[in-house]
Amino acid sequence: MDGGAAEPASGGLAAGGPGGSGTGAEPGVSDSLRTFGAFLQALREHAGLSREEFADRVGFSKHTVASIEQGRRMPDRDFVERAEPVLGGTGALRKAAPHLSRQAGLASWFRQWARVEMTAISLYTYECRVLPGLLQTEAYARAVSMDVPPLPDVNELEERISARIARQELLAVTRKPPTAFSFIVEQAVLERWTGGEAVTREQFDVLLELIERNWNVEFQLMPLRQPSHAGLDGPMRLAETPDNQWFAYSEGQQNGRLIASPKEISLLQQRYAKLRSQALPPADSLRLLKRLRGTL
């Protein structure tokens, strides 16, 4: 359900989709993120705090703070809640946060799925091309975006990466209720070393931390050798809404499709269930990830 760059091909490798590189559709621009960032910076400076001092008090890196202030990253709930008392406890950030746009940089044909995804109580993703966008580091997302022609211009690239990083707030266990995630990823995707050794090392570290910290995330690796494989038709994503309705999403090179047909969704659910039984169990997947990280 979310691949590489913005994620359309894994969500998608088209412009700004779930996980692809992002090349085919127009990215949206989120003035609300820029406005929130400027407001946050003004409050921080009014409080007499440097970016480093503020980052230390809220428990986030100065790079994260910079990204939010520059409108390139969506602030998650933890950030807003920690920032409020540090900046005077007025409640202004808490009131502004729900109005932020989460669509910046997403391909137009992906936005319909993104709206389903935003409120889903369950999200299932099988990916065989790139690491799902919800799991990507900024460096990995940048590498994926730069790999697939045509090359984006600077503004488009930043919008695309910001959109992907912003979507990661879906992973937060503080959501009410937290979304239940299942990811099945081909081992070969992680052994490709997308972006090089340094990018891969950081991606492994972030992924391991996420799996061990977020109890709402189940992660499975499909081993390199698996003679019986239910995912040979390609990536798939499934989402369950709060009223227990299911949707699916499929994606090609330059387009994507939201699926609402119960018959088609039933078929994809059968395939996903079989993939779960064919992939390594979560505990074995975690051990394999640690072994692969140890080789870097």
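Given the structure is predicted, the values throughout are model-derived calculations rather than measurements.

What counts and how
Residues numbered from 1 in each chain as written. Predicted model: local features only at pLDDT ≥ 70, side-chain atom pairs only at ≥ 80, totals over all residues. Heavy atoms only, no water. Pairing = 2+ DSSP bridges. Helix = DSSP H or I, 4+ residues; strand = E, 2+ residues; numbered from the N terminus. Axes fitted to C-alpha atoms, helices over the stretch in contact; angles between N-to-C directions. Contact = heavy atoms within 4.5 Å. Parallel < 35°, antiparallel > 145°, perpendicular 65-115°, else oblique. Nonpolar A, V, L, I, M, F, W, Y, C, P; charged D, E, K, R; others polar. Buried < 20%, exposed > 50% of the residue type's maximum accessible area, 1.4 Å probe, protein only. Core = buried A, V, L, I, M, F, W, Y, C linked by side-chain atoms within 4.5 Å. Expected span 1.5 Å × (residues − 1). Arc of directions from axis to C-beta. Salt bridge = Lys/Arg side-chain N within 4 Å of Asp/Glu carboxyl O. Left-handed = near helix turned anticlockwise from the far one by under 90°.

Trainee: In this structure, what is going on with the sheet that holds strand β1 (residues 122-127)? I would like to understand it.
Mentor: Each strand in a sheet pairs with another by means of backbone hydrogen bonds, the pair being arranged parallel or else antiparallel. Strand order across the open sheet formed by 6 strands is β3-β2-β1-β4-β5-β6, with mixed pairing between neighbours. Each edge of the open sheet is held by one strand with a lone partner, namely β3 (217-222) and β6 (256-259). In this sheet, neighbouring strand axes are inclined to one another by 10 degrees on average, regardless of whether the strands run parallel or antiparallel. Alignment of strand β5 (residues 246-251) against β6, held across 4 bridges, turns out to be antiparallel. Note on β6: the bridge partner recorded for E251 is G256. The strands touched by helix α11 (residues 262-278) are β1, β2 (180-186), β3, β4 (236-240), β5 and β6; relative to β4, the strand with the most contacts, the crossing angle is about 110 degrees.

Trainee: What am I meant to see in the packing of helix α2 (residues 51-58) against helix α3 (residues 62-69) here?
Mentor: Angle between the axes and distance between the axes are the two parameters that describe a pair of packed helices. At a minimum axis distance of 8 Å, the contact between α2 and α3 shows a crossing angle of 110 degrees. Considering their axes alone, α2 and α3 lie roughly perpendicular with respect to each other. Listed contacts from α3 to R51, E52, F54 and A55 of α2 are K62, V65, A66 and E69. Here the residues of the contact of α2 with α3 are counted per class, giving 4 nonpolar, no polar and 4 charged.

Trainee: Just checking my understanding: could you explain the environment of Q187 for this structure?
Mentor: Checked against the element boundaries, Q187 lands in helix α9 (residues 187-190). Residue classification places Q187 among the buried positions, given a relative accessible area of 9%. Setting aside residues no more than four positions away along its own chain, Q187 makes contact with L221, M222, P223, L224, L288 and L292.

Trainee: Is there a simple way to explain the nonpolar core in this structure?
Mentor: As a rule of thumb, soluble globular proteins bury nonpolar side chains together. In terms of nonpolar packing, the biggest core is built from 35 residues, with F181, F183, L190, L207, F219 and L289 touching the most fellow members. Per-element tally for this core: the top contributor is helix α10 (residues 197-213), with 6 residues. Dropping the residues within four chain positions of it, F219 is found in contact with L135, F183, V185, L190, L207, I211, P282, S285 and L289. L43, A55, V65 and L100 belong to the second largest nonpolar core, which has 20 residues in total.

Trainee: Just to check I follow, could you spell out helix α1 (residues 31-46) for this structure?
Mentor: An α-helical turn contains 3.6 residues, so any two residues separated by three or four positions project in the same direction. Look at α1: 22 Å from first C-alpha to last across 16 residues, which is about the 22 Å you get at 1.5 Å a residue. Restricting attention to buried positions, one finds in α1 the residues L33, F36, G37, L40, L43 and R44. Buried residues of α1 fall within an arc of 130 degrees about the axis and therefore sit on the same side. Counted as exposed and oriented over 90 degrees from the buried face of α1: D31, T35 and H46. Summarising the contacts, the buried residues of α1 are in contact with α2, α3, α4 (77-86) and α5 (92-96).

Trainee: Help me understand the pattern of salt bridges, please; the structure alone is not making it clear to me.
Mentor: If the charged atoms of two oppositely charged side chains come close together, the side chains can form a pair. A complete count under the given rule lists 15 salt bridges for this structure. The residue E117 makes a salt bridge to R167 at a minimum N-O spacing of 2.6 Å. One end of the pair, E117, is in helix α6 (residues 111-119); the other, R167, is in helix α8 (residues 154-167), with 50 residues separating them in the sequence. Here E117 matches R167 in class, with each residue buried. Salt bridges sharing common partners tie together R44, R51 and E69.

Trainee: Is there a simple way to think about the packing of α2 against α4 in this case?
Mentor: Running from N to C, α2 and α4 point in directions that differ by 115 degrees, and their axes come no closer than 9 Å. In terms of axis orientation, α2 runs roughly perpendicular to α4. Crossing of α2 against α4: the hand is right-handed. Across from F54, R57 and V58 in α2, the residues of α4 making contact are F79, R82, A83 and V86. Split into classes, the residues belonging to the contact of α2 with α4 amount to 5 nonpolar, no polar and 2 charged.

Trainee: Is there a simple way to explain the pairing of β2 in this structure?
Mentor: Each regular strand carries side chains that alternate between the two faces of the sheet. Of all the 7 residues making up β2, 6 are buried; the element is thus mostly covered by neighbouring parts of the structure. Bridge count for β1 against β2 is 6 bridges, and the pairing is parallel. Paired with Y126 across the strands is I184, a residue of β2. Bridge analysis of β2 against β3 gives 6 bridges, and the strand direction is parallel. Each residue of the ladder has a partner; that of F183, found in β3, is F219.

Trainee: Would you take a moment to explain unusual backbone geometry for this structure?
Mentor: Glycine aside, the phi torsion of most residues is negative, and most peptide linkages are trans. Residue P177 is bonded to the preceding K176 through a cis peptide linkage, with omega at -10 degrees. Tracing the sequence through the fold places P177 in the loop between α8 and β2. The phi torsion at W193 lies on the positive side, around 60 degrees, for a residue other than glycine. Tracing the backbone shows W193 in the loop between α9 and α10. A positive phi angle is found at N244, which is not glycine, with a value near 65 degrees. Relative to the elements of secondary structure, N244 occurs in the loop between β4 and β5.

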